[in-house]
Amino acid sequence: MIALAFALTLAAAEPTLAGDWTVDLSAKPDEPYTKPMTLTLNADGTVTGSFYESDIQAGRWKTSRGRTCASFRTTDGIGPYHTAVCLVGDKAVGQTWAEHRSFLFNWNAVRR
């Protein structure tokens with residue numbers, strides 16, 4: 001019983017990609033531009049939540065090769081945004097591709 005309690009305590013202390021994040025989308029260091037991201041990593045491997053004030057329409061997550069990552073799709077009402085994000089230490093590192101807007105944007109996030 002004590003071993004189980006210890007294991008659960010360790011698991012709870014491990015960093016997770018799930019939760020509330022502030023994503024830095026600044027194009028210039030002197031012009032801050034941030035947006036919220038909330039990720040829920042479901043037991044069935046799906047991701048729900050929101051990014052850039054848009055609900056996640058479809059997504060998956062996985063822990064493999066020593067890292068936890070998620071990929072998901074959102075929309076701006078005109079076209080899809082495809083996002084991939086991985087937990088790196090206590091930060092989230094990601095990229096978002098919007099084919100209809102002809103851009104790929106690399107970004108970082110910190111916990112809110």
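Our structure's up above, just so we're on the same page.
Residues numbered from 1 in each chain as written. Predicted model: local features only at pLDDT ≥ 70, side-chain atom pairs only at ≥ 80, totals over all residues. Heavy atoms only, no water.

With respect to the pairing of strand β7 (residues 80-88)
Where strand β6 (residues 67-75) lies against β7, seven bridges are found, and the strand directions are antiparallel. By the bridge assignment, A70 is partnered in β7 with V85. The turn linking β6 back onto β7 is made up of four residues, and G77 within it adopts a positive phi angle of 90°. Of the pairings in the sheet, the one linking β7 to strand β8 (residues 91-98) comprises seven bridges and is antiparallel in character. Considered in β8, the bridge of V88 is made with K91. Linking β7 to β8, which pair antiparallel, is a turn of two residues; within it G89 sits at a positive phi near 65°. (Pairing = 2+ DSSP bridges. Helix = DSSP H or I, 4+ residues; strand = E, 2+ residues; numbered from the N terminus.)

Comments concerning the state of the cysteines
Under the criterion given, the structure shown has one disulfide. Two residues, C69 and C86, share a disulfide whose sulfurs are 1.9 Å apart. Handedness here is read from the sign of the S-S torsion; for C69 and C86, about 105°, the answer is right-handed. Of this pair, C69 sits in strand β6 while C86 sits in strand β7, and the two are 17 residues apart along the sequence. Taken individually, C69 and C86 each receive the classification buried, so the pair is uniform in this respect. (Disulfide = S-S within 2.5 Å. Buried < 20%, exposed > 50% of the residue type's maximum accessible area, 1.4 Å probe, protein only.)

Some words on the pairing of strand β5 (residues 58-64)
Sheet analysis places β5 next to β6, joined by seven bridges and oriented antiparallel. Among the inter-strand pairings, A58 is bridged to a residue of β6, identified as R73. Here β5 hands over to β6 after two residues, with R65 in that stretch at a positive phi of 55°.

What to know about the pattern of salt bridges
According to the stated counting rule, one finds three salt bridges in the structure shown. The closest approach of N and O atoms between D76 and R101, which form a salt bridge, is 2.7 Å. Of this pair, D76 sits in the loop between β6 and β7 while R101 sits in the loop between β8 and β9 (103-111), and the two are 25 residues apart along the sequence. What makes R101 partly exposed here is its relative accessible area of 43%. (Salt bridge = Lys/Arg side-chain N within 4 Å of Asp/Glu carboxyl O.)

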